[in-house]
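# Chain and residue survey
Here is how the chains run, residue by residue.
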Amino acid sequence: MAAALASAGLLCVLPAQAQDWPTRPITMYMGFPAGSGVDVVARRLQEPLGKLLGQPVVIDYKPGAAGNIASQFVAGAKADGYTLLFGTAATHGSNAALYKKLPFDVEADFTAVAPVLDVSNVLTINPEVVNVRTLREFVALVKANPGKYNYASTGNGAGTHMAFAEFNARLGLDMVHVPYKGGPEAIQAVLKGDTCCIMNQVQTVLPHYKAGKVRLLGVTTLAPVAAVKEVPTIAASGLPGAAGFDSSIWFAIFAPKGTDARIVDKLNAAVKAVLEQPDIHTYFEAQGNAVRIETPEQFRKTVRDNRQKWAEVARNANITLD
């Protein structure tokens, strides 16, 4: 009886705004440019998520510094459920390893709300710059020409950068990294031949692949990707250093630390419901992604494990950004 009374008393003192949330539009901040692969995913969630929650979800952009600008803003925002971050395995994983003086902690200063997708990158080449057809041929060509070939990324510390850096470190390749401000600029650099290649998201390069403008040599996940099932995994290539290669990333939603657990649970449930809608699930899978559904507790562990994984990659590839 005492426990029941205590619980009832606790409910009485919890803020009314948490019980009623949301009563006004929710702003989700994006640390990457409009039109980037991350943005495309957030845009697909935006309307159905707003419908389920009963309030519009507005996407606002604060691109730059591999997502750190938006992350810093949300970390310092009021924890009322109306300011969210659409984050990634870079913003809440590799950035913590690469930037020694981040003005926030990627775990302690955020509430992990819900993952959205696991996203595979794929080694994508411009065949007019490197005319090879297999991953083995690509590695042989690059090894024979150390320092000659440039690879693009969507920014210093982004998943596209870290995937290629890990690949080069494990296979002993000497290539020049050319960071761009985001996905659209990076893929255009490859299409124009300014760089030879990129490890970009399947969903981003898929239209160019179907149009015959680029060639795909290997996906970065352990398992093949259904949308490009004809493309082998890097892990299965048999090349020295490639065994077990797994450099997939995830996209997810975060809130500032201290956000009421009931808001977090409601938002987590809404994200899960949206991802389970057949049309949305099918759409994401067709783009080369895998829907990821976890409770807030499970997702907190994902963030912690991911942070440790990228710290090891950064050490092995000797990468720092400040």
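Everything that follows concerns the structure shown earlier in this document.
Our subject in this report is the structure included herewith.

## Quick word on empty space enclosed by the protein
One pass over the full model with this rule turns up two cavities of 30 Å³ or more. Roughly 160 Å³ of internal volume is contained in the largest cavity. What lines the largest cavity is a set of 19 residues, among which F32, V38, T154, A158 and Q201 lie closest to the centre. Elements with a minimum of two residues in the lining of the largest cavity: helix 3 (37-53), helix 7 (159-171), strand 8 (197-201) and strand 10 (249-256). A class-by-class count of the residues in the lining of the largest cavity yields seven nonpolar, 12 polar and no charged. Computed from the structure, the second largest cavity encloses a volume of approximately 30 Å³. Lining the second largest cavity, in full, are A114, P115, N268, V271, K272, L275, I293 and E294. Listed by contribution, the elements that provide at least two residues to the lining of the second largest cavity are strand 4 (110-119) and helix 10 (261-275). The element best represented in the lining of the second largest cavity is helix 10, accounting for four residues. Class assignment for the residues of the lining of the second largest cavity results in five nonpolar, one polar and two charged.

The rules behind these values
Residues numbered from 1 in each chain as written. Predicted model: local features only at pLDDT ≥ 70, side-chain atom pairs only at ≥ 80, totals over all residues. Heavy atoms only, no water. 1 Å grid on protein atoms, 1.4 Å probe; cavity = no way out; pocket = protein on both sides within 12 Å on 5 of 7 lines; lining within 4 Å. Points joined across faces, edges and corners; volume = space filled by probe spheres on them. Helix = DSSP H or I, 4+ residues; strand = E, 2+ residues; numbered from the N terminus. Nonpolar A, V, L, I, M, F, W, Y, C, P; charged D, E, K, R; others polar.

Shape descriptors only; they carry no functional weight alone.
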